[in-house]
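Chain residues, written in single-letter form:
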Amino acid sequence: MTTEEKLRSDLQETAMRVKKENPMAASITNTVTVNLVANAQLAVGGSAAMIYLPDEGEGMAHLAGAMYINMGTLLPVYEETLPRTVRALQAERKPWVLDPVGIGLGALREKILLGFQAYRPNVIRGNASEIIALANLWGLASGRASDGVRGVDATDSVDAARAAAIALALETGGAVAVSGPVDLVTDGHRVIRVRGGSRFLPLITGAGCSLGGVIAVYATAGQPFIAALAGTMAFDLAADRAEEGAVGPASFQVRFLDELYRISPEELAGYPFFPEEV
């Protein structure tokens, strides 16, 4: 079996386990996007639980198979919730996905993200600017300074974030998924590009957030790199299909959830990807 064949076999097995077992991936996520995150998790075969209180975070670290932590729309209580939750996740040895959305927008966000470095998220998902900014915040070799984050939008290219993504993956021992016109997924030793998506994805609130939630679902059943790659490939495939016949962002979003639901493990594993040398 070649390296690519093994990778595709792992992708298919992970997707099959999710469809069969309906695993729970809890989320502490952006209040603007909580509905789409939950629906996307359900569509790929997972179970969703949305929480925000400190004791809920600790409880779900025990009950859920994985967790998704999104830094958008921080509430004051999150200063306690997030550190307590990641400590519990580490104690339970449960995988978790970090989305550093909004990095650079305030002192509390920076403090929490700095604290996360010691707890090594299993997957980090973000746009190029967020990935560069997190690597810089953690004192890693990102290859460049970020041009900045405009709200939740990137002002850097995926290529510009390549070195930062590799550095973050090596620091955590996990995986990093960088979203953009051509997505990048790495574990620090392997880099894979995935082409696909839709022109409508930037026009619906929560596309990136829901990807993080879906990666968390796959993290219940597969290794971090496989989970990050499976989520990225599922989103690109579903978006490709959903754009056909969509007349605008609203019809696209409905079709997108349907297409996430319709993807078989075999279709997911067969979607094109492009390895490159590190």
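What counts and what doesn't
Residues numbered from 1 in each chain as written. Predicted model: local features only at pLDDT ≥ 70, side-chain atom pairs only at ≥ 80, totals over all residues. Heavy atoms only, no water. Helix = DSSP H or I, 4+ residues; strand = E, 2+ residues; numbered from the N terminus. Expected span 1.5 Å × (residues − 1). Buried < 20%, exposed > 50% of the residue type's maximum accessible area, 1.4 Å probe, protein only. Arc of directions from axis to C-beta. Contact = heavy atoms within 4.5 Å. Polar contact = N/O pair within 3.5 Å; in protein donor to acceptor, adjacent residues only side chain to side chain. Core = buried A, V, L, I, M, F, W, Y, C linked by side-chain atoms within 4.5 Å. Salt bridge = Lys/Arg side-chain N within 4 Å of Asp/Glu carboxyl O.

Over its 14 residues, helix 10 (residues 249-262) extends 20 Å from the first C-alpha to the last, a length consistent with the 20 Å expected when each residue adds 1.5 Å. Among the residues of helix 10, Phe-252, Phe-256, Leu-257, Glu-259 and Leu-260 are the ones counted as buried. Around the axis of helix 10, the buried residues are gathered within 165° of arc, so they sit on the same side. In helix 10, the exposed residues that point more than 90 degrees away from the buried face are Ala-250, Val-254, Tyr-261 and Arg-262. If you follow the buried residues of helix 10, they end up packed against helix 1 (3-21), helix 2 (34-43) and helix 9 (224-243).

The residue Arg-193 is located in strand 10 (residues 191-195) in this model. Here Glu-276 takes part through its side chain, which lies 3.2 Å from a polar atom of the side chain of Arg-193. Each residue touching Arg-193, except ones within four places of it in the same chain, is listed here: Val-158, Asp-159, Arg-162, Val-182, Asp-183, Leu-184, Phe-273, Phe-274 and Glu-276.

Every buried residue belonging to helix 5 (residues 107-116) is among Arg-109, Ile-112, Leu-113 and Phe-116, and all of these are buried. Buried residues along helix 5 cover an arc of 95° about the axis, so they all sit on one side. Exposed side of helix 5, more than 90 degrees from the buried face: Ala-107 and Lys-111 are the residues found there. At its buried positions, helix 5 is contacted by strand 3 (66-70), helix 4 (78-92), strand 4 (96-99) and helix 6 (128-137).

What follows concerns the nonpolar core. With 55 residues, the main nonpolar core has Tyr-218, Phe-252, Phe-256 and Leu-260 as its most contacted residues. Considering each element in turn, this core owes the most residues, 13 residues, to helix 9. Sequence-distant contacts of Phe-256, defined by excluding residues within four places in its chain, comprise Leu-201, Phe-235, Ala-238, Ala-239 and Ala-242. Counting residues in each nonpolar core, the second largest holds 45 residues, with Ile-131, Leu-140, Ala-165 and Ala-167 among its members.

Attention now goes to the pattern of salt bridges. Pairing is possible between side chains of opposite charge, provided their charged atoms come close. Applying the stated criterion across every chain, the model contains 14 salt bridges. When the shortest N-O distance is used, the salt bridge between Lys-6 and Asp-10 registers 2.8 Å. Taken together, the residues span about one helical turn, with Lys-6 and Asp-10 both in helix 1 at a distance of 4 residues. Owing to a relative accessible area of 42%, Lys-6 belongs among the partly exposed residues under this scheme. For Glu-267, the salt bridge identified is with Arg-241, shortest N-O distance 3.0 Å. Here Glu-267 is found in helix 11 (residues 265-270), whereas its partner Arg-241 is found in helix 9, with 26 residues between them in sequence. For Glu-267, a relative accessible area of 32% corresponds to the partly exposed category. The class of Arg-241 is partly exposed, set by a relative accessible area of 23%. Counted as one network, the salt bridges with shared partners bring together Asp-159, Arg-162, Arg-193 and Glu-276.

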